[in-house]
Amino acid sequence: MSSYTPTNQRPQAMTGDRPTGPLHLGHYVGSLRSRLELQHTHNLTILVADLQALTDNAGNPQKVSHYIPEVVLDYLAVGLDPAKCRFVLQSAVPELAELTVLLLNLVSVAHLERNPTVRSEITQRGFARDIPAGFMCYPVSQAADIIGLGAGVIPVGEDQLPMIEMANVLVDRINRHGNNDQNKISRCSALLSNTTRLPGVLGGAKMSKSGGNAIELGASAAELQKAVQKMYTDPNHLKITDPGRVRGNVVFSYLDAFDPNKEELEELKRHYQKGGLGDGQVKKRLLSIMEKELAPIRDRRMALKNNQAYAIEILKEGTRQARLEAADTLGKIKAALGVFSL
Ligand code: TRP
């Protein structure tokens, strides 16, 4: 297997996913596409964040285990290349867990409770008063991922900004420690994607598998067609001659994300708004554009269907490298914090 070797010339970037289900088009438009570019310009680490997934799936570890190789196969299907970036399994880098334990002493419970993303996730998941402590603390674990592997650039969506902030608060606290004159730890910064979030097929909320409005990366041609058919448009656009609304119209949001010909798209929008353009016609255009981009991904995903063992090999190789780096950083941080080493 050809494996990737980081070089000093490139900035370190890190992204990751919780392996809790198949990746869908929301992941594709929101982050996988940008990773495809980053793998050429950065030392890109892609973390399969299984420990983080367990913080709200402790009752279903089988699901998380199942999706670890599946998510890697999704990555390979879109074109992320183990010769150009590395795939790391979070739970297989125990140094990150150790770092988490040390970092937990540098934040207060009140600070953890203020994290807006964690707060909204608590509501979404209906934890009420039964919030797993591990879940409450996952931003510190995520900070350990970032700090432990020396990532400076974190490509993320808005919801992850509080995690970046947490990482930087911790970096500053480590650096302020008296024993840390030589090895200052570097801060990280978010690389916000400029793509708007892909809505779910039925409109409104973002695409999510739990909302039942997701299109999986490996969706068949028939599934894709069905999804496009049922996409929410403008409920007041009843006759073809009626003027239609483009805003809040899911079909146009998808065209924004997939149509390579922006000029034609603008013309199409004008026509739709004026009246005289039917939903069926716009959907037909969208389907053919999406089919063109997604068919090769679907074919590769099909071909990889039974290659879980290969996915595990790739994870092992990336993880082996990452462990060496994390051990090195952990040693420096222990020294900085004045922690005993045997
Ligand atoms: N929280 C990220 C997600 O929701 C996953 C993740 C875990 C991550 N550790 C990370 C992302 C470190 C970037 C850097 O999918």
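Whatever comes next refers back to the structure up there.
Since this is a predicted model, take the numbers as computed values, not measurements.

Quick word on the overall build of the protein chain
(1) Moving on: The helix and strand tally for the protein chain stands at 14 helices and 5 strands.
(2) Moving on: Its C-alpha atoms put the protein chain at 75 × 45 × 40 Å along the principal axes.
(3) Moving on: For the protein chain, with 342 residues in total, the buried portion stands at 50%.
(4) Moving on: Pairs at least 24 apart in sequence give 78% of the contacts found in the protein chain among residues at least 6 apart.
(5) Moving on: Element-wise, carbon and sulfur atoms account for 53% of the exposed surface of the protein chain, whose accessible area totals about 17,000 Å².

Quick word on helix H11 (residues 250–258)
(1) Moving on: Burial analysis of H11 places 7 of its 9 residues in the buried class, which makes it a mostly covered element.
(2) Moving on: Along H11, the residues classified as buried are Val-250, Val-251, Phe-252, Tyr-254, Leu-255, Ala-257 and Phe-258.
(3) Moving on: Packed against the buried residues of H11 are helix H1 (25–41), helix H12 (262–274) and helix H13 (279–303).
(4) Moving on: Capping the start of H11 is the job of one residue whose side-chain oxygen sits 3.2 Å from the backbone nitrogen of Val-251: Asn-249.

Concerning the environment of Arg-86
(1) Moving on: Here Arg-86 shows up in strand S3 (residues 86–89).
(2) Moving on: Residue classification places Arg-86 among the buried positions, given a relative accessible area of 3%.
(3) Moving on: Put simply, Arg-86 and Asn-57 are 29 residues apart on the chain and 25 Å apart in space, counted from C-alpha to C-alpha.
(4) Moving on: Not counting residues up to four positions away in its chain, the partners in contact with Arg-86 are Tyr-4, Pro-6, Leu-44, Thr-45, Ile-46, Leu-149, Gly-318, Gln-321, Ala-322 and Glu-325.
(5) Moving on: Of the polar contacts made by the side chain of Arg-86, one reaches the side chain of Thr-45; its length is 3.1 Å.

Concerning the layout of surface pockets
(1) Moving on: Roughly 1,600 Å³ of volume is contained in the largest pocket.
(2) Moving on: Lining of the largest pocket is provided by 47 residues; of these, His-27, Asp-159, Gln-160, Arg-197 and Lys-206 occupy positions nearest its centre.
(3) Moving on: Taken together, the elements giving at least two residues each to the lining of the largest pocket come down to strand S1 (12–17), H1, helix H6 (116–125), helix H8 (138–148) and strand S4 (153–156).
(4) Moving on: By residue class, the composition of the lining of the largest pocket is 12 nonpolar, 22 polar and 13 charged.

Brief notes about empty space enclosed by the protein
(1) Moving on: Enumeration over the complete set of coordinates arrives at 2 cavities of 30 Å³ or more.
(2) Moving on: What the second largest cavity holds in volume is close to 30 Å³.
(3) Moving on: Every residue lining the second largest cavity is listed: Leu-25, Ile-215, Glu-216, Leu-217, Ala-219, Leu-224, Leu-294 and Arg-298.
(4) Moving on: Residues belonging to the lining of the second largest cavity are distributed by class as follows: 6 nonpolar, no polar and 2 charged.

Cut-offs applied
Residues numbered from 1 in each chain as written. Predicted model: local features only at pLDDT ≥ 70, side-chain atom pairs only at ≥ 80, totals over all residues. Heavy atoms only, no water. Helix = DSSP H or I, 4+ residues; strand = E, 2+ residues; numbered from the N terminus. Buried < 20%, exposed > 50% of the residue type's maximum accessible area, 1.4 Å probe, protein only. Contact = heavy atoms within 4.5 Å. Areas by Shrake-Rupley, 256 points an atom, 1.4 Å probe, with all protein chains shown as cover. Polar contact = N/O pair within 3.5 Å; in protein donor to acceptor, adjacent residues only side chain to side chain. 1 Å grid on protein atoms, 1.4 Å probe; cavity = no way out; pocket = protein on both sides within 12 Å on 5 of 7 lines; lining within 4 Å. Points joined across faces, edges and corners; volume = space filled by probe spheres on them. Nonpolar A, V, L, I, M, F, W, Y, C, P; charged D, E, K, R; others polar.

Everything listed here is a matter of geometry and, on its own, says nothing about what the molecule does.
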